[in-house]
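Working through the structure, step by step
Take a look at the letters that make up each chain.
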Number of protein chains: 2
Amino acid sequence: MKKLVNDPRRFVAESLAGFARAHHDLVRVNASPVYVVRSTPGNGKVAVLSGGGSGHEPLHAGYVGIGMLDAAVPGEIFTSPTPDPILAATREVDQGAGVLYLVKNYTGDVLNFETAAEFAAAEGILVRTVIIDDDVAVLDSEFTAGRRGVAGTVLIEKLVGAAAERGDDLDSLAGLAERLVASVRSMGVAIASPTVPHSGRQSFELAADEIEFGIGIHGERGRSRIGMARADELTDLALDAVLEDLPRLPGERVIAMVNGMGATPGAELYVVYRRMAERLQGIGVEIARSLVGSYVTALDMAGFSVTLLTVDDGLIELWDAPVLTPTLRWGA
Amino acid sequence: MKKLVNDPRRFVAESLAGFARAHHDLVRVNASPVYVVRSTPGNGKVAVLSGGGSGHEPLHAGYVGIGMLDAAVPGEIFTSPTPDPILAATREVDQGAGVLYLVKNYTGDVLNFETAAEFAAAEGILVRTVIIDDDVAVLDSEFTAGRRGVAGTVLIEKLVGAAAERGDDLDSLAGLAERLVASVRSMGVAIASPTVPHSGRQSFELAADEIEFGIGIHGERGRSRIGMARADELTDLALDAVLEDLPRLPGERVIAMVNGMGATPGAELYVVYRRMAERLQGIGVEIARSLVGSYVTALDMAGFSVTLLTVDDGLIELWDAPVLTPTLRWGA
């Protein structure tokens, strides 16, 4: 697959430069070290910060703004940001009430955010860190000890961001994030490999009739390679894996998400959503809110993931609260 | 490319069923004949209706809602809707103030909307039709006499929808739409072919180092097949074609759009936007507002288009007016 790239080594910087120009009303991009902050700082509230390797856009920079993230720290493609930019962003967004780090569970991310948190603490900045590990596919992977953090991250960033915006303190927010991590599960399927800009090569090869079941968001291996099947069968496989693992349910309400991996058209994601909604209705699970689109991607990988997050009235209120970011916006 | 499909003949229906479930707060999908209407009808205002072949999602159904379209009529993949569903949707959305059809310039679309307009007129419904033909690539094509209607359609639907929402009458809205058509130009580039669900085959073949310059949104031929180049060079080629054709400019303001064709990641679109913004700044054209994302697609084609629409204060006010649809939402 050909890519819209100039110099691959400048891809992330050039993309962020375009992002900054397009969304200058909402965000500001610091060029060196690289981080993204909202252009109107929160008023004395706890700051919520996330980050990780690039290649998963719109995660995380697309979620910086009012009612969601105060800062995002992007690394190079599929590469964790180092502690320096994380620390610099932490200093900029802290307003004395502390900073909550929301970190997807990848070994490099966890290490670098931990290091930044230690430096920040030494400067007197209160930091709490919550690790997100919603992927039920595999226990350990090439990139992770334990489960990976995938599409559920967006839901947690939205809900925790809304609670921060209403003025919750740092301990409450960390508690909320921990509770959300315990309530969210995801499972992904790849039907075509992504192409990494630096190499111009595909991350893996799939035969014409093969898919990767339980894929992560770096093209790393999943649970198994299986035969291509109809959309409904693939949806059932992914949904069953989530349902088996989610502490639950009948009579319960969820936020349901169908996430595209980058190159899959929205029309196909709605075919998946249709099946998921029918299945959940059949077992008495109410979809209180939904999100369908390419929100956490793996470059131009084709495929999808399904995510369920169990919610109560309080969480639905946080979901509906105003959000104004480049990617998610409502009520503001 | 594999697709998330069950029975290809039911792809559009199943996708719309998922779309209806996910967005039941904003839209309602009529199953037979197939059309999409907003769930809260406008209060005595002129109705704005669009439609065309499927495969260009989120166009048009994703733009049904408050402040944009009152109805969208999707055909099968790359196939115009017949007059029947257009007429049925027209009857449903008319509130006595008339209906404005916004029609992309493809021969089948123009014919079928014209026929529906005649039937509607015979029933006493006032209908005006405006044809959108923003693509500067080719004069005639496999699907069109004259220029094609492409990504600029979204900008026109937003602006005209806002004017309808504030209560403009049918003649004013038709006049506004005609003026917008005269002020908008687009140019597209394909770097990989789409795959049609029914055949599972690619629409065209491109060598590893080849792109199609001046592509439409059906994988039809463009101006020429040229060598793959860096993102900035491709951006310049597309932007120059638009600038050459746009009645204009220095000191003027535009809404600038970089549109993804379906499978191109957002991060790459921002690389294109960055170059376009730098170029426009260099010639003294101010980007008043922007839109970067996959808004008018050709299934899973890879590539992009650039669109410029010259605007004044009145049009910027219409752009900023509240919109609440599955795809575009702000201020509401």
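Note that the coordinates shown come from a computational prediction; the quantities given were computed from them, not determined experimentally.

Rules used throughout
Residues numbered from 1 in each chain as written. Chains lettered and ligands numbered in written order. Predicted model: local features only at pLDDT ≥ 70, side-chain atom pairs only at ≥ 80, totals over all residues. Heavy atoms only, no water. Contact = heavy atoms within 4.5 Å. Buried area = accessible area lost by both parts, 1.4 Å probe. Salt bridge = Lys/Arg side-chain N within 4 Å of Asp/Glu carboxyl O. Helix = DSSP H or I, 4+ residues; strand = E, 2+ residues; numbered from the N terminus. Nonpolar A, V, L, I, M, F, W, Y, C, P; charged D, E, K, R; others polar. Domains from an automatic or database assignment. Polar contact = N/O pair within 3.5 Å; in protein donor to acceptor, adjacent residues only side chain to side chain. Pairing = 2+ DSSP bridges. Axes fitted to C-alpha atoms, helices over the stretch in contact; angles between N-to-C directions. Expected span 1.5 Å × (residues − 1). Buried < 20%, exposed > 50% of the residue type's maximum accessible area, 1.4 Å probe, protein only. Arc of directions from axis to C-beta. Parallel < 35°, antiparallel > 145°, perpendicular 65-115°, else oblique. Left-handed = near helix turned anticlockwise from the far one by under 90°. Phe/Tyr/Trp six-rings, centres within 6.5 Å; stacked < 30°, edge-to-face > 60°. Least-squares fit on C-alpha atoms with pLDDT ≥ 70 in both.

Moving on, we get to the interface of chain B and chain A. Taken together, the contact between chain B and chain A spans 52 residues of the former and 53 residues of the latter. A buried area of about 4,400 Å², summed over both sides, lies between chain B and chain A, and 61% of it is on carbon and sulfur atoms. Three residues, K2, L4 and R21 of chain B, lead the burial of chain B against chain A; their summed loss comes to 20% of the area buried on that side. Counting across the interface, chain B meets chain A through 4 salt bridges. The partner of R274 of chain B in a salt bridge is E14 of chain A, and the shortest N-O contact between them spans 3.6 Å. Of all the secondary structure elements, the ones that give two or more residues to the side of chain B that touches chain A are α1 (11-22), β7 (184-192), β8 (210-213), α6 (231-245), α7 (266-282), β11 (286-293), β12 (302-311) and β14 (329-330) of chain B. The element that contributes the greatest number of residues to the side of chain B that touches chain A is α7 of chain B, accounting for 10 residues. Its residues assigned to classes, the side of chain B that touches chain A shows 30 nonpolar, 9 polar and 13 charged.

Residue and element names in this part refer to chain A. The assigned domain composition of chain A is domain 1 (10-182) and domain 2 (184-323). Computed over C-alpha atoms only, the centres of domain 1 and domain 2 are separated by 22 Å. In this assembly, 40 residues from domain 1 lie in contact with 39 residues from domain 2. Interface area for domain 1 against domain 2, summed over the two sides, is near 3,400 Å², with a carbon-plus-sulfur share of 67%. For the pair domain 1 and domain 2, the interface holds 3 salt bridges. As a salt-bridge pair, E220 and R148 come within 3.3 Å of each other at their nearest N and O atoms. Linking domain 1 with domain 2 are 18 residue pairs in polar contact (both at pLDDT 80 or more). When contributions to the side of domain 1 that touches domain 2 are tallied by element, the ones reaching two or more residues are α4 (152-165) and α5 (170-183). In terms of residue count, the dominant contributor to the side of domain 1 that touches domain 2 is α4 (8 residues). Considered class by class, the residues forming the side of domain 1 that touches domain 2 number 25 nonpolar, 5 polar and 10 charged.

The next point concerns the sheet that holds strand β4 (residues 71-77) of chain A. Residues and elements named next belong to chain A. An order of β1-β2-β4-β3-β5-β6 is seen for the 6 strands of this open sheet, with the pairing classed as mixed. Strand pairing shows two members of the sheet lacking a second neighbour, β1 (27-30) and β6 (127-132), which therefore form its edges. The sheet shows a mean angle of 20 degrees between the axes of neighbouring strands, direction not considered. Bridge count between strand β2 (residues 35-38) and β4: 2 bridges; the pairing is antiparallel. Residue V37 lies in a different strand from β4, and its bridge partner there is A71. Where helix α1 (residues 11-22) meets the sheet, its contacts fall on β1, β2, β3 (47-54) and β4, and the angle it forms with β4 comes to roughly 145 degrees. This element, helix α3 (residues 107-122), spans β3, β5 (99-104) and β6 of the sheet and lies at about 165 degrees to β5.

To continue, consider helix α6 (residues 231-245) of chain A. Here α6 of chain A contains 15 residues, and its C-alpha end-to-end distance of 22 Å stays within 8% of the 21 Å for a straight helix at 1.5 Å per residue. Those residues of α6 of chain A hidden inside the fold are in contact with β7 (184-192), β8 (210-213), α7 (266-282) and β12 (302-311) of chain A.

What follows is about helix α8 (residues 313-320) of chain A. Residues and elements named next belong to chain A. All of the buried residues along α8 are L315, I316, L318 and W319. For α8, the angular spread of buried residues about the axis comes to 160 degrees, placing them on one side. When the buried face of α8 is taken as reference, the exposed residues oriented beyond 90 degrees from it are D313 and E317. Next to the buried residues of α8 lie α4, α5, β10 (253-260), β11 (286-293), β12 and β14 (329-330). Measuring from the backbone nitrogen of G314 back to the side-chain oxygen at the start of α8 gives 3.2 Å, which picks out D312 as the cap.

Further remarks concern the packing of helix α2 (residues 83-93) of chain B against helix α3 (residues 107-122) of chain B. Residues and elements named next belong to chain B. Viewed as axis vectors pointing N to C, α2 and α3 meet at an angle of 45 degrees, and their least axial separation amounts to 8 Å. Here α3 runs oblique to α2, going by the angle between their axes. At the point where α2 passes α3, the crossing takes the right-handed sense. Contacts between α2 and α3 involve P83, I86, L87 and T90 from the first element and N112, F113, T115, A116, F119 and A120 from the second.

Time to look at the packing of α6 of chain B against α7 of chain B. Each pair of packed helices gets described by two things: the angle between the helix axes and the distance between those axes. Residues and elements named next belong to chain B. Running from N to C, α6 and α7 point in directions that differ by 50 degrees, and their axes come no closer than 9 Å. Classed by the angle they form, the pair α6 and α7 counts as oblique. α6 and α7 meet at a crossing whose hand is right-handed. Residue-level contacts link A231, D232, T235, D236, L239, D240 and L243 of α6 to V271, V272, R274, R275, M276, R279 and L280 of α7. Class assignment of the residues belonging to the contact of α6 with α7 gives a composition of 7 nonpolar, 1 polar and 6 charged.

Overall, the coordinates contain 6 aromatic pairs over all chains when judged by the stated rule. Judged by centre distance (5.3 Å) and plane angle (80 degrees), the ring pair of Y270 of chain A and F19 of chain B falls under edge-to-face. Here Y270 of chain A is found in helix α7, whereas its partner F19 of chain B is found in helix α1 on a different chain.

Rotating chain B by 180 degrees about the axis while translating it 0.0 Å along that axis superimposes it on chain A, leaving an RMSD of 0.0 Å. In the structure described here, the two chain copies are related by an operation that fits a two-fold rotation axis. Residue A263 of chain B of chain B places its C-alpha closer to the rotation axis than any other residue of that unit, at 2.0 Å. Comparing contact sets, 100% of the residues at the interface of chain B also lie at the interface in chain A, consistent with an isologous, same-surface contact.

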